[in-house]
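Commentary on secondary and tertiary structure
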Amino acid sequence: MANYTKRDEVAVIELNNPPVNALSFEVRSGLQNALKSAIDDQDVKCIVIHGKGKNFSAGADIKEFGAGTKQQKPWITDACRLADESSKPVVAAIAGTALGGGLEVALFCHYRIGTPSCRVGFPEVQIGILPGAGGTQRLPRLIGVNSSIDMITSGRHVMAEEAMKLGILDKIVTEDIIEEGVKFAKSVVGLDLAHRILKNRKIEAVSPKVFDDEISRVKKKYKGYIAPLFCLKAIQASVQLPYDASMEQELQLFQHLVGSNQAKAQQYAFFAERTSARWQLPTGANSQNASPLPVKTAGVIGAGTMGAGIALCLITSGIPTVLVEQDQKFLEKGIKTMEGDLRGSVALKKMTAEQAKKAMLILKPSVNFEDLHDVDLVIEAVYENLALKKEIFAKLDKICQPQTILCTNTSSLDIDMIAEATKRMDKVVGTHFFAPAYIMKLQENVYGKNTSAETVATVMALGRRIRKVPVLVGTCESFAANRMLHPYVTEALYLVEEGASPYEVDQVLEDFGMPMGMFRVSDLSGLDIGYKVRREAAKRQGIDLTLGTRFVNGERVCLLADVLVEKGRLGIKSGKGWYNYGSPGKKEAIPDPEVLDIIEEHCRKFGIKKQKISSQEILERMQLALINEGFRILEEGIVSKPEDIDVIWIYGFGWPKYMGGPMFYANEMKLKNVYRKICDFHQKYPFSIHWTPSKLLARLSETDLPISNWTSLINSNSKL
Ligand SMILES: CC/C=C/CC(=O)SCCNC(=O)CCNC(=O)[C@H](O)C(C)(C)COP(=O)(O)OP(=O)(O)OC[C@H]1O[C@@H](n2cnc3c(N)ncnc32)[C@H](O)[C@@H]1OP(=O)(O)O
C-alpha cells in the first residue's frame, strides 16, 4: 500500500510494503489513489514519493509474475501517468535501492534526489524480463541511448555518484531522505515543468549500426539469454517510434518475455538463492533461531591460488585479514597474484584504484602463525592432505582465542576428522570455495557432526558479506557439489568410449548453456589431479589401478583420461590434454586428431564397438546422471531442499540460470519422465552404479507435485 500524509503544502507519499516495497497490486493502487488525492488537494503545492524503511522500491512484485500471469490493473504506468500530467512538481526521494519498476516510478517523477548510499538500476534481465513500465523508453530520453543500453542489458546497480553523473539523480542529499525530499520539493515549486517530463523529451538520433553492434555484443556476452536481446529491441523502438507507439511495443515485448520459460527459470533461480540462504541443521537449529558471531578480523592459511583468492574476497569486503604462508617466497607470489587480480578488477571497472589500494592496506601478510592469535575466524586453504590439515588445526587450536571459528577449505576431506585435532569441534566447519575463489560465487559450507548452529550462522553470514552465495551441506564423500560432478564426468567418458567424440560432448553441453564443456573444464583443472586422486583412493582400498583396469568393485571404469596423462597430456598447463592448445598456458582449445586416435586405440584394445550417439542422448545421459545423484543427496539429507542443489550448480559450475538448475530442469521434464529414463539407463548400463534410481525420485515421481512442494513432502514423510 502507499501512505499519504501532508507536511505544510507538501504531500508525502510513502510506498509501504516491507521489506523492499515491491510494487504489488495494493502498492500500485495506493500510489495511484495518493497521487490523485495530492493533485486534487488545492492546498498541496508539490509531492514527494519515498519508500518506507531501507529501500525506495525493489520494483514490481516478482511473485505476481508467477508463470506468466498478467498483473492486475492498475499497472505501474497507470498509477504514474498522473505524475506526468501533474502541474505540481513530483519528486522521487530515493534511499536504499530504486530498482526495476521502482526506478520506473522515479522516472515518471519530475525530479529525483538520492542519498549518498542509494543505488538505482534495471535488474529485470536477471529475472528474464525487461523494464515494462516505460523504463526502456524514458531512460534513453534522460541519459542517452548508449548508457541506457549498458544499464538495461547488464542489469547492474548504479551507485549514487554515478547516477548523478549520468543525470538520473538531480541531487545527492543527506541520509535524512524525507526531510530532504520535502525541502527539495518546496524549492522547485513554480518552476516550469515542461522539460522535466521525460516523455516530452527528444531522443538523440542513433544509427541502426549501433544496435547491430550491440546485438552481436549481447549475443556473445549473455549467450543463450533472450531478455537482453528483447531489451535492445525495446530501446531501439524508443529511437524509431513516437513515445506512445514505442510504449506499446515495450509492453508487447515485456508480455512475451514474462510468459517465457527463461523468465520462469530465472525467477525460480532468484527465489532459490534466497530460499537456500534459509538453512537448517538436523538438530532443528536454523537461520531464524541462530545468531552469527561477529567477524571483525580474519585469517587465511596458504597463499596459493585458493588462499590468495579467499583473502582477496575478505579484504575487498572490508575485513582486515592476516594471510599466513610458511615460506616468504610463496607469500610474495600470493600477494603478486592478489595485486594482479585487483588490477584486473580496476580495469573492468568493478572497483576504483582507490578501493583496490584500500583493500591491500588491510592485508597483513605473515610467515608467522602466531599472528593469527587475535583473529575472529581462520580459513585454512592448504593442499588436500588430511595429516597436514590436522596438524594445522591442532596448532590453530592452541594459538587462537577460544571463540575463534576454524574453517577448512577442503573439497573432499572429512570435517569431523579435521575437527578431532582440536578441542573446539563445535567451532570447526568447512568453507569450500570454488576456483577461481575471487570470481566464483558459490561458498559450500559443510557442517560436521559437532559443528554448532552459531558457527554455521557465522559462515553463512560471512558468505553473504563477502558477496558469495553460501549454501549449507552435510558431510559426505566429496560433499554435495563435487559428488554430483562424479556421475556427470563419468558418463562423459563412457559416451566417448561408446562413440561420441569429446568435442561433440562439449558442443552439446555448451549449446545447452554450460559455459564450458566437461572436457575443456578438465583440461583447465589439469588431468593429473584426477589421476593422482584415483590412484590414492585405489591404494587406500588395496586396488591396483592400471590402464588395463575395466571394473572396480563390479563397477565399470573408464581410464581414458589417465591414458592421456601417461602420454604427458595434462591439459592447458602442458599445452595438450583433450584439446591441443599450441603451447602451455594458452587458452584456445583446438580439437586434436591425435586424441581421436588415442580413443580409437583404447576402444580397439578393449573391443568396445563404437556407434553414432545423438546429441539428445549425450545431453540426457549427462544431465540425468547428475540429477539422479542430486536426488540421492536430497534423500540422504546432505542438503535440505532442492533449491540448494540448483544454487550449487548455478554458482559453482555455471549451469545457465535460464535453465533454473538441475532440479528445476527435472521438474520441467516432469519427474515421471525423468524417473522412467533413469530406469531405462539403469537397465541398459547395469555396471554403472550412478544409474541406480534414487528412491526419493521414485517416490516423488508418483506424486506429480511441482518443485515448490518437494521440501514439505520430504519433511512430512520420513520414509522418503
Ligand atoms: C510491468 C512493470 C515491470 C517491472 C519490472 C520489475 O520491476 S521486475 C523487479 C525488478 N527488481 C528486481 O529484480 C530486484 C530484486 N531484488 C533485489 O535485487 C534485492 O532483493 C534487493 C532489493 C537489492 C535487496 O537485497 P537484500 O539482500 O537486502 O534482500 P533480499 O534480496 O534477501 O530480499 C528481501 C526479501 O524481499 C524479497 N524480494 C526482493 N525483491 C523482490 C521483488 N521485486 N518482488 C518480490 N519479492 C522481492 C526477497 O525474495 C526476500 O524475501 P524472503 O522471503 O525474505 O526471502
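Residues numbered from 1 in each chain as written. Predicted model: local features only at pLDDT ≥ 70, side-chain atom pairs only at ≥ 80, totals over all residues. Heavy atoms only, no water.

The next thing to look at is the overall build of the protein chain. What the protein chain contains, in helices and strands, is 29 helices and 21 strands. Against the 2.2 N^0.38 benchmark of 27 Å for 720 residues, the protein chain shows a C-alpha radius of gyration of 28 Å, consistent with a compact globule. Projected onto its principal axes, the C-alpha positions of the protein chain cover 90 × 60 × 55 Å. Counting the 720 residues in the protein chain, one finds 56% classified as buried. Once local pairs closer than 6 in sequence are excluded, the contacts in the protein chain between residues at least 24 apart make up 72%. Just so you have it, the protein chain exposes about 31,200 Å², and 54% of that area is on carbon and sulfur atoms. Of the charged side chains in the protein chain, 90 are positive and 84 negative, and the gap between their average positions amounts to 1 Å. (Helix = DSSP H or I, 4+ residues; strand = E, 2+ residues; numbered from the N terminus. Rg over C-alpha atoms; globule rule 2.2 N^0.38 Å. Buried < 20%, exposed > 50% of the residue type's maximum accessible area, 1.4 Å probe, protein only. Contact = heavy atoms within 4.5 Å. Areas by Shrake-Rupley, 256 points an atom, 1.4 Å probe, with all protein chains shown as cover. Lys, Arg positive; Asp, Glu negative; His and termini not counted. Charge placed at Lys NZ, Arg CZ, Asp CG, Glu CD.)

As a further point, take the site of the ligand. As a matter of local geometry, the ligand sits amid 29 residues, with Ala 58, Ala 60, Gly 101, Arg 274 and Arg 278 nearest to it. At 2.9 Å from a nitrogen atom of the ligand is found a main-chain nitrogen or oxygen belonging to Ile 62. Contact between the ligand and Arg 278: an oxygen atom at 2.8 Å from a side-chain N or O atom of the residue. When the ligand is considered free in solution it has 1,000 Å² of accessible area, and contact with the protein chains removes 79% of it. Those elements giving two or more residues to the shell around the ligand turn out to be β5 (97-99), α3 (101-108) and α11 (261-277). Among the elements that take part in the shell around the ligand, α11 stands out by supplying three residues, more than any other. Across the shell around the ligand, the residue classes break down as 17 nonpolar, six polar and six charged. (Near = heavy atom within 4 Å. Polar contact = N/O pair within 3.5 Å; in protein donor to acceptor, adjacent residues only side chain to side chain. Nonpolar A, V, L, I, M, F, W, Y, C, P; charged D, E, K, R; others polar.)

Now for unusual backbone geometry. Cis geometry is found at the peptide bond from Pro 18 to Pro 19, where omega equals 5°. Between Ala 435 and Pro 436 the backbone carries a cis peptide bond, its omega angle lying at -10°. The topology assignment puts Pro 436 in the loop between β15 (428-433) and β16 (442-447). In the Ramachandran plot, Arg 467 falls in the positive-phi region, its phi being about 65° despite a non-glycine side chain. On the secondary structure map, Arg 467 appears in the loop between α17 (453-465) and β17 (469-474). According to the relative accessible area criterion, Arg 467 is partly exposed, its value standing at 41%. You will see that Lys 670, though not glycine, has its phi angle at about 75°, which is positive.

For the rest of this paragraph, the subject is the pattern of salt bridges. On inspection of all chains with the given rule, the structure shows 40 salt bridges. The salt bridge involving Glu 497 is made with Arg 550; its shortest N-O contact spans 2.6 Å. With Glu 497 in helix α18 (residues 479-498) and Arg 550 in the loop between α21 (527-540) and β18 (551-552), this pair connects stretches of sequence that are 53 residues apart. By relative accessible area, Glu 497 is classed as buried at 0%. (Salt bridge = Lys/Arg side-chain N within 4 Å of Asp/Glu carboxyl O.)

Another aspect to go through is the packing of helix α9 (residues 227-240) against helix α10 (residues 243-258). Between α9 and α10, the shortest axis-to-axis distance is 8 Å and the interhelical angle comes to 170°. It follows that α9 is roughly antiparallel to α10 by the angle criterion. On the side of α9, the interface is formed by Ala 227, Phe 230, Lys 233, Ala 234, Ala 237 and Ser 238, while α10 contributes Ser 246, Gln 249, Leu 253, His 256 and Leu 257. Taken together, the residues of the contact of α9 with α10 sort by class into six nonpolar, four polar and one charged. (Axes fitted to C-alpha atoms, helices over the stretch in contact; angles between N-to-C directions. Parallel < 35°, antiparallel > 145°, perpendicular 65-115°, else oblique.)

Turning next to the sheet that holds β15. Ordered by their spatial adjacency, eight strands build an open sheet running β12-β11-β10-β13-β14-β15-β16-β17, and the pairing between neighbours is mixed. The strands lining the two open edges of the sheet, one partner per strand, are β12 (363-366) and β17. The sheet shows a mean angle of 25° between the axes of neighbouring strands, taken without regard to direction. Bridge count for β15 against β16 is four bridges, and the pairing is antiparallel. Counterpart to Phe 433 in the pairing with β16 is Gln 443. In the packing of α17 onto the sheet, contacts are made with β13 (377-380), β14 (405-408), β15, β16 and β17, and the angle to β17 comes to roughly 150°. (Pairing = 2+ DSSP bridges.)

What follows concerns the sheet that holds strand β9 (residues 171-172). The strands that make up a sheet are held in pairs by hydrogen bonds between backbone atoms, and each pair lies either parallel or antiparallel. Taken in spatial order, the six strands of this open sheet run β1-β2-β3-β4-β6-β9, and their pairing is mixed. At either margin of the open sheet sits one strand with a lone partner, and together these are β1 (2-7) and β9.

Another aspect to go through is the UniProt feature "domain: 3-hydroxyacyl-CoA dehydrogenase C-terminal" (unreviewed entry) in the protein chain. Here, the residues flagged by UniProt with the feature "domain: 3-hydroxyacyl-CoA dehydrogenase C-terminal" (unreviewed entry) are residues 479-581 and 618-703. A helix fraction of 58% and a strand fraction of 6% characterise residues 479-581, whose end C-alpha atoms lie 32 Å from each other. (UniProt positions renumbered as here; feature names shortened; annotations may be inferred.)

Regular strands have side chains that alternate between both faces of the sheet. Where burial is concerned, the two faces of strand β6 (residues 111-114) agree: the one with Tyr 111 and Ile 113 and the one with Arg 112 and Gly 114 are both buried. Bridge count between strand β4 (residues 90-94) and β6: four bridges; the pairing is parallel. Opposite Val 91, over in β6, you have Tyr 111 as the bridge partner. Pairing between β6 and β9: two bridges, direction parallel. Across the sheet, residue Gly 114 finds its bridge partner in β9, namely Ile 172.

This paragraph deals with helix α19 (residues 502-512). Judged by how many residues are buried, α19 sits mostly within the fold: eight of eleven residues are covered. Remark: Gly 513 follows α19 within two positions and exhibits a positive phi of approximately 130°.

Our focus in this paragraph is the UniProt feature "domain: 3-hydroxyacyl-CoA dehydrogenase NAD binding" (unreviewed entry) in the protein chain. Under the feature "domain: 3-hydroxyacyl-CoA dehydrogenase NAD binding" (unreviewed entry), the UniProt entry names residues 298-474. For residues 298-474, the end-to-end C-alpha separation is 24 Å, with 41% helix and 21% strand making up the annotated structure.

Examined against the element boundaries, Ala 79 turns out to sit in helix α2 (residues 76-85). With a relative accessible area of 1%, Ala 79 lands in the buried category. For the pair Ala 79 and Asn 33, spaced 46 residues apart in sequence, the C-alpha to C-alpha distance is 8.0 Å. If sequence neighbours within four positions are ignored, Ala 79 has contacts with Arg 28, Leu 31, Gln 32 and Leu 35.

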